[in-house]
Amino acid sequence: SQASFEEDGQKQPAVGRWKPLMPSKGSKEEPESGCQDAGGADETQSTEQLNVSRLRSSSVEIREKGSEFLKEELHKAQKELKLKDKECERLSKVREQLEQELEELTASLFEEAHKMVREANTKQAASEKQLREARGKIDMLQAEVTALKTLVITSTPSSPNRELHPQLQSPSKAVFRKGHGRNKSTSSAMVSAASQNVTPEPVSHECKEVDSILFAEFQAWKESPTLDKSCSFLDRIYREDVGPCLDFTKQELSELVRVAVEQNTLTIEPVASQTLPVVKVSAEECGGPKKCALSGLPRTCKHRIMLGDSGNYYYISPSCRARITAVCNFFTYIRYIQQGLVRQDVELMYWEVMRLRREMSLAKLGFYPSEM
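So, a few notes on the structure that sits alongside this text. These numbers come from a predicted model, not from an experiment.

Regarding the overall build of the protein
Looking only at helices and strands, the protein has nine helices and four strands in total. Here the protein, with 372 residues, has 28% of them falling under the buried criterion. Of the roughly 25100 Å² of accessible surface on the protein, a fraction of 55% belongs to carbon and sulfur atoms.

Quick word on the pattern of salt bridges
Scanning the entire structure with this criterion turns up 13 salt bridges. A network of salt bridges, in which partner residues are shared, links Glu217, Arg236, Glu240, Asp241 and Arg357.

Structural notes on the pairing of strand β1 (residues 266-270)
Counting buried positions along β1 gives four out of five residues, so the element sits mostly inside the fold. In terms of strand pairing, β1 meets strand β3 (residues 303-307) through five bridges, oriented antiparallel. Bridge pairing links Pro270 to His303 in β3.

Things to note about the packing of helix α5 (residues 212-223) against helix α6 (residues 232-245)
Between α5 and α6, the least distance of the axes is 8 Å, while the angle of their chain directions is 125 degrees. For the element pair α5 / α6, the angle class is oblique. Along its contact with α5, which presents Ile213, Leu214, Glu217, Phe218 and Trp221, the element α6 presents Ser232, Phe233, Leu234 and Arg236. Residues that form the contact of α5 with α6 fall into these classes: six nonpolar, one polar and two charged.

Structural notes on helix α9 (residues 346-364)
Taking 1.5 Å as the rise per residue, α9 with 19 residues should run 27 Å; its terminal C-alpha atoms sit 27 Å apart, in good agreement. Inspection of α9 places Met349, Tyr350, Trp351, Glu352, Val353, Met354, Arg355, Leu356, Arg357, Glu359, Met360 and Ala363 among the buried residues, and these make up the whole buried set. For α9, the side-chain oxygen to backbone nitrogen distance between the N-cap and Glu347 is 3.1 Å, and the N-cap itself is Asp345. Remark: Gly366 follows α9 within two positions and exhibits a positive phi of approximately 105 degrees.

Description of the side chain of Glu217
Topologically, Glu217 is positioned in helix α5. Excluding residues that lie within four positions of it along the chain, Glu217 makes contacts with Ser232, Phe233 and Arg236.

What counts and what doesn't
Residues numbered from 1 in each chain as written. Predicted model: local features only at pLDDT ≥ 70, side-chain atom pairs only at ≥ 80, totals over all residues. Heavy atoms only, no water. Helix = DSSP H or I, 4+ residues; strand = E, 2+ residues; numbered from the N terminus. Buried < 20%, exposed > 50% of the residue type's maximum accessible area, 1.4 Å probe, protein only. Areas by Shrake-Rupley, 256 points an atom, 1.4 Å probe, with all protein chains shown as cover. Salt bridge = Lys/Arg side-chain N within 4 Å of Asp/Glu carboxyl O. Pairing = 2+ DSSP bridges. Axes fitted to C-alpha atoms, helices over the stretch in contact; angles between N-to-C directions. Parallel < 35°, antiparallel > 145°, perpendicular 65-115°, else oblique. Contact = heavy atoms within 4.5 Å. Nonpolar A, V, L, I, M, F, W, Y, C, P; charged D, E, K, R; others polar. Expected span 1.5 Å × (residues − 1). Polar contact = N/O pair within 3.5 Å; in protein donor to acceptor, adjacent residues only side chain to side chain.

Next up, the structure:
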């Protein structure tokens, strides 16, 4: 457009000088001035049109260039926005991935920490259990060693100890002398320990025959000895012997006695030889020397029992003591079998269990030795 504008300017004819429209004073050539005025007006008009066309073409050119520049800038801005959108999307994905990895790492760390705590608690509980069992075995073995020393020392050829040599006793006394007077005493531990190595002497003129059902139940229990009374062997003994033997008139106290016997926390001690310390003067004593706490009958009570470490004493009659002692002897023996302290043939252990069951049967029927 600029080139065409220059060409148009070159093709225009040359114009003369501008002349005033009005003649000057003293001029005599009026016709000539009129012609010149008409020609000057035409020239002026054409010049103005030329200038207007130039301005129009320039404005159009400027507008076109401006629109092209704006389009280019808009296109550049759109490209930059697209690139920024892609970058934002990529960064968002990276952030989401990092957050997910952080959550998974945190969860795995917490799970690992909880697992370590559980394992530590389990190991601690197992160690404490093993420690308690080891201490119990040590105490029991120490008591047995002490009792063995006592019996060996007190047994001489001239004056043998009848507890250590049951064959020297009469058959009627041999049945009951193995009952312990105090569940936690060393004498009862020694009696049970001696019964492991000495075969029980049968009563004179007595025949024995193994019951196949009872022997099968005992053999099954011996494979995996346990104190859980849900097994067939102990379930039968609980129903036929232990339950009836510990079923006294005072039901509530009978249940407490049964639990204490099962947990090995019952203590039997003689009344006459027991001197109470000052701290036990206020302890509760049920019954009395002339009344049994379990049967509620007026009886001469030479012994009393304590359940656990409660400090409460209950006077019991000789018959009740014989029943409790028979059950304690049975539990002591099966505990020794469970702990692997009895080294005998299965049949010999079976007959010892049957002998202890017979003691419980006699005791629950009211038979007890006179020395009780």
